[in-house]
Amino acid sequence: MLKKLRQKRISIIVLLIVAIICAFMLKERYLALVLCFICINTIAVTGLDILFGYTGQVSFGHAAYYAIGAYGSTLLSMKAGIPPAISILMASLISMVLGMIIAIPAAKLVKHFLSLLTIAFGQMVYIFISITDPLTNGYSGIMAIPHISLFGYTFTSNQSNFFLLLAITILVLIAKNRIIKSRVGRAFIAVRENTQAANGMGINVRYYKIMAFAISAFLTGLAGALYAHLVCFISPDSFTNTTSNLFMTMLLFGGIGSLAGPVIGSAILVIVTELMQSFVAYQMLIYAIFILAVLFYLPNGVIGILDTFRAKVKNKFGKKAE
Amino acid sequence: MLKLENLTVQFGGLTAVNDVTTEIEKGAIFGLIGPNGAGKTTCFNLITGVCKPTSGKVILNGKEIQGLPPYKINELGIARTYQNINLFKKMTVIENVMVGCHTKTTSGLTAAIFKVRKQREEEKAIIVKCMDILKFMDLAEKADYKASNLSYGEQRRLEISRALASDPALLLLDEPAAGMNGREKEELTQTIKKISQKGITVLLVEHDMRLVMSVTNIICVLNFGKKIAFGSPESIQNNEEVITAYLGGGLDV
């Protein structure tokens, strides 16, 4: 009960901060775009978290689902004339189905074998979108992708897009929280913690691994589709291995297996990436530094530090208060 | 209720369980004992589907269950604990037990996302049920602890609680007293008796002979994968072959 209350309080604080930022950015177009990227990355990393953080299945190829979402929705909206709001959902579902197909062999694999399979899948999708000229326009990419429009209103400005993305992100986080706190979420965590015991307690491990892949691919695909309709231009450059690594870095840095971890991780890394725009060549080096920082100093990510800090404060002042 | 018929399993050249036939009656506290490496845990693994028999049958209430995956066998009403503790360490005590309710609940993904009424009621019901089990196993005050923060004996009790949450008809305990002190063993004896009074059949593998003799009402002895004796605790204690198996044969001069 207490835990629930505390979580509610934290989410209210987070919302307040967001509201303050919103008020602040009303003047700043660029800042609004950065906030949009934070939202999109949060959704993608949340997807990765369900797979890696909660079910213990590693994936170094999540850019693949991001690409499938982006290209899927772009092609559906431009070539088939489906309104973006619907094509985004359709592309996410396509990504989900592909995630399930990958999961059928992947659910049997663990550790480095699974890493290799996911890396290979990421590369396959990247090569596919790069060389299928007639469909994806190859390395030149696709331009003039339509903006999202809902009920006759088109989200053209960065600011309006941010409000839309913020709403979607919050919905995604609520859905994630509900999944994790349910029978399905407990099954995920049980699979991560002890596959043998999970199987012995009546959990169909393979089924839940595939389900985790599906949810994960859906969310990352959704993020990719939103990205395409936000920046209106996609090319294979955005879906390389670097993107997969970026998602993993965000997740590890923010903290795996938590609600706020992906939010913190993507916020910090998006901001750092934006600040370092002039050093694009060193991008991977910067991510590597973040990963090293996680390995040596923050095994549980930023969220781990916050938890330790909170526990310390509680130990010091909690007793006096009682 | 559970019958093993000519159960045999070979790992390479080793016959771990060799032509074992026995029957566990409903309501019994059935002891499965034998020296190290006799094939007791392998028997457990065969019953719970962790490994498949080379030949022979496992029959639960007239239905053949050998070769089914473990999660299906749990659904059919067989729950187990492990020799080396297999808890979900980063989950809390009550969450561990709630995982045990998995097969007895049905809410899926969409029900969870939209928090439909049935799902909320189901969650409430299993929390009540799990707290009852924790009270029964004397772990209620530690419901919010991380499983890894429990003492060894408590972790063993938590494993039993988790198994009980799946409402088993047959409970398999694999060396539940290992690593327990005298008092904890005494409590465990009482707990096993109470579980049996609930109408749950218990199959017990244990090395502690005092515990086995005081709690079981029928015992099967294995040695090198073969069944060498079967009967009441008293008859086993005086069985020549069993004594030979445990203490070695006398020297013929």
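Residues numbered from 1 in each chain as written. Chains lettered and ligands numbered in written order. Predicted model: local features only at pLDDT ≥ 70, side-chain atom pairs only at ≥ 80, totals over all residues.

A. Molecular detail of the overall build of chain B. Assigned secondary structure in chain B consists of 10 helices and 10 strands. The globule rule puts the C-alpha radius of gyration for 253 residues at 18 Å, and the 19 Å found for chain B is close to it. Over its C-alpha atoms, taken along the principal directions, chain B stretches across nearly 75 × 40 × 30 Å. The buried share of chain B, reckoned over its 253 residues, is 43%. Once local pairs closer than 6 in sequence are excluded, the contacts in chain B between residues at least 24 apart make up 65%. (Helix = DSSP H or I, 4+ residues; strand = E, 2+ residues; numbered from the N terminus. Rg over C-alpha atoms; globule rule 2.2 N^0.38 Å. Buried ≥ 20, exposed ≤ 12 C-beta atoms within 10 Å, placed from the backbone. Contact = placed C-beta atoms within 7 Å.)

B. Spatial organisation of the overall build of chain A. Looking only at helices and strands, one finds 14 helices and 2 strands in chain A. Scaling as 2.2 N^0.38, a compact globule of 322 residues should have a C-alpha radius of gyration of about 20 Å, and chain A matches this with 20 Å. Seen through its principal axes, chain A has C-alpha atoms that stretch 65 × 50 × 40 Å. Counting every position in chain A, which comprises 322 residues, the buried fraction comes to 48%. For chain A, long-range pairs separated by at least 24 residues make up 76% of all intrachain contacts whose partners lie at least 6 apart in sequence.

C. Local environment of the domain arrangement of chain B. Residue and element names in this part refer to chain B. For chain B, the assigned domains read domain 1 (1–77 + 168–253) and domain 2 (86–167). The C-alpha-based centres of domain 1 and domain 2 are spaced at 27 Å. Across the contact, 10 residues belong to domain 1 and 9 residues belong to domain 2. Breaking the side of domain 1 that touches domain 2 down by element, the ones donating at least two residues are helix H2 (70–75), strand S7 (170–174) and helix H7 (182–197). Broken down by class, the residue content of the side of domain 1 that touches domain 2 amounts to 5 nonpolar, 3 polar and 2 charged. (Domains from an automatic or database assignment. Nonpolar A, V, L, I, M, F, W, Y, C, P; charged D, E, K, R; others polar.)

D. Seen up close, the pairing of strand S3 (residues 29–33) of chain B. Residues and elements named next belong to chain B. For S3, the buried fraction is high: 5 of the 5 residues fall into the buried class. Residues Ile29, Gly31 and Ile33 of S3 are buried on one face, and the alternating residues Phe30 and Leu32, pointing to the opposite face, are buried as well. Relative to strand S8 (residues 201–205), S3 runs parallel, the two being bridged by 4 bridges. Bridged to phenylalanine 30 within S8 is leucine 203. (Pairing = 2+ DSSP bridges.)

E. Structural detail: the nonpolar core. In this structure, Ile40(A), Ala67(A), Val202(B) and Leu204(B) are the most contacted members of the largest nonpolar core, which totals 166 residues. Here this core gets 16 residues from one element, more than from any other, and that element is helix H10 (residues 205–231) of chain A. Each of two domains, domain 1 (1–77 + 168–253) and domain 2 (86–167) of chain B, supplies a minimum of three residues to this core. Sequence-distant contacts of Val202(B), that is, excluding residues within four places in its chain, are made with Ile29(B), Phe30(B), Leu171(B), Leu173(B), Ile192(B), Ile195(B) and Ser196(B). (Core = buried A, V, L, I, M, F, W, Y, C linked by C-beta atoms within 7 Å.)

F. Structural view of the interface of chain A and chain B. The partner chain B presents 28 residues to the 21 residues of chain A that form the contact. Tallying contributions element by element places helix H8 (residues 183–193) of chain A first for the side of chain A that touches chain B, with 7 residues. Residue classes in the side of chain A that touches chain B are distributed as 10 nonpolar, 7 polar and 4 charged.

G. Geometry of the packing of helix H2 (residues 29–54) of chain A against helix H11 (residues 241–254) of chain A. Residues and elements named next belong to chain A. One can describe the packing of H2 onto H11 by two numbers: an axis separation of 9 Å at closest approach and a directional angle of 75 degrees. The angle between H2 and H11 places the two elements in the roughly perpendicular class. In this structure, H2 contributes Asn41, Ala44, Val45, Leu48, Asp49, Phe52 and Gly53 to the contact, and H11 contributes Phe247, Met250 and Leu251. Grouping the amino acids of the contact of H2 with H11 by side-chain chemistry returns 7 nonpolar, 2 polar and 1 charged. (Axes fitted to C-alpha atoms, helices over the stretch in contact; angles between N-to-C directions. Parallel < 35°, antiparallel > 145°, perpendicular 65-115°, else oblique.)

H. The arrangement of unusual backbone geometry in detail. Residues and elements named next belong to chain B. Positioned with a positive phi, aspartate 138 is a non-glycine residue whose angle comes to about 65 degrees. By secondary structure assignment, the location of aspartate 138 is in the loop between helix H5 (117–136) and helix H6 (152–164). Residue classification places aspartate 138 among the partly exposed positions, given that 13 C-beta atoms sit within 10 Å. Of note, the phi angle at glutamate 175 is positive, near 50 degrees, even though the residue is not glycine. With respect to the secondary-structure elements, glutamate 175 resides in the loop between S7 and H7.

I. Inspection of the packing of H2(A) against H10(A) at higher detail. Residues and elements named next belong to chain A. Taken N-terminus to C-terminus, the directions of H2 and H10 make an angle of 165 degrees; their axes are 7 Å apart at the nearest point. Viewed along their axes, H2 and H10 adopt a mutual orientation that is roughly antiparallel. Pair H2 / H10 crosses with left-handed handedness. Judged by residue contacts, Cys36, Ile40, Ile43, Ala44, Thr46, Gly47, Leu48, Ile50 and Leu51 of H2 engage Ala212, Phe213, Ile215, Ser216, Leu219, Thr220, Leu222, Ala223, Leu226, Tyr227 and Leu230 from H10. A class-by-class count of the residues in the contact of H2 with H10 yields 16 nonpolar, 4 polar and no charged. (Left-handed = near helix turned anticlockwise from the far one by under 90°.)

J. Layout of H5(B). Residues and elements named next belong to chain B. A rise of 1.5 Å per residue sets the reference length of H5, with its 20 residues, at 28 Å; its end C-alpha atoms lie 29 Å apart and thus fit the reference within 8%. Listing the buried residues of H5 in full gives Gln119, Ile126, Cys130, Ile133 and Leu134. Considered in projection along H5, the buried side chains sweep an arc of 95 degrees and stay on one side of the axis. Of the residues in H5, the exposed ones pointing more than 90 degrees away from the buried face are Arg117, Glu121, Lys124 and Val128. (Expected span 1.5 Å × (residues − 1). Arc of directions from axis to C-beta.)

K. Inspection of the sheet that holds strand S2 (residues 14–24) of chain B at higher detail. All names here are of chain B. Ordered in space as S2-S1-S4-S5, the 4 strands form an open sheet in which the pairing is antiparallel. Each edge of the open sheet carries a strand with a single partner, namely S2 and strand S5 (63–64). With 5 bridges joining them, strand S1 (residues 2–11) and strand S4 (residues 55–60) adopt antiparallel strand pairing. For glutamate 5, the partnering residue across the bridge sits in S4 and is lysine 57. Along the sheet face, helix H1 (residues 40–47) touches S1, S2 and S4 and points at about 65 degrees away from the line of S2.

L. Structural detail: the sheet that holds strand S6 (residues 78–80) of chain B. Residue and element names in this part refer to chain B. Here 6 strands make up an open sheet; going across it, the order is S6-S7-S8-S3-S9-S10 and the pairing mixed. Only two strands of the sheet have a single neighbouring strand rather than two, namely S6 and strand S10 (226–231). Along the sheet, successive strands turn relative to each other by an average axial angle of 20 degrees, direction set aside. Sheet contacts for H1: S3, S6, S7, S8 and strand S9 (218–223); angle to S7, the most-contacted strand, approximately 145 degrees.

M. The pairing of S7(B), seen in detail. Residue and element names in this part refer to chain B. With 5 of its 5 residues buried, S7 lies for the most part within the structure. Taking every second residue as pointing to the same face, both faces of S7 are buried, with Leu170, Leu172 and Asp174 on one and Leu171 and Leu173 on the other. Note on the crossover from S7 through H7 to S8: the handedness is right-handed. (Right-handed = clockwise from strand over helix to strand, strands pointing away.)

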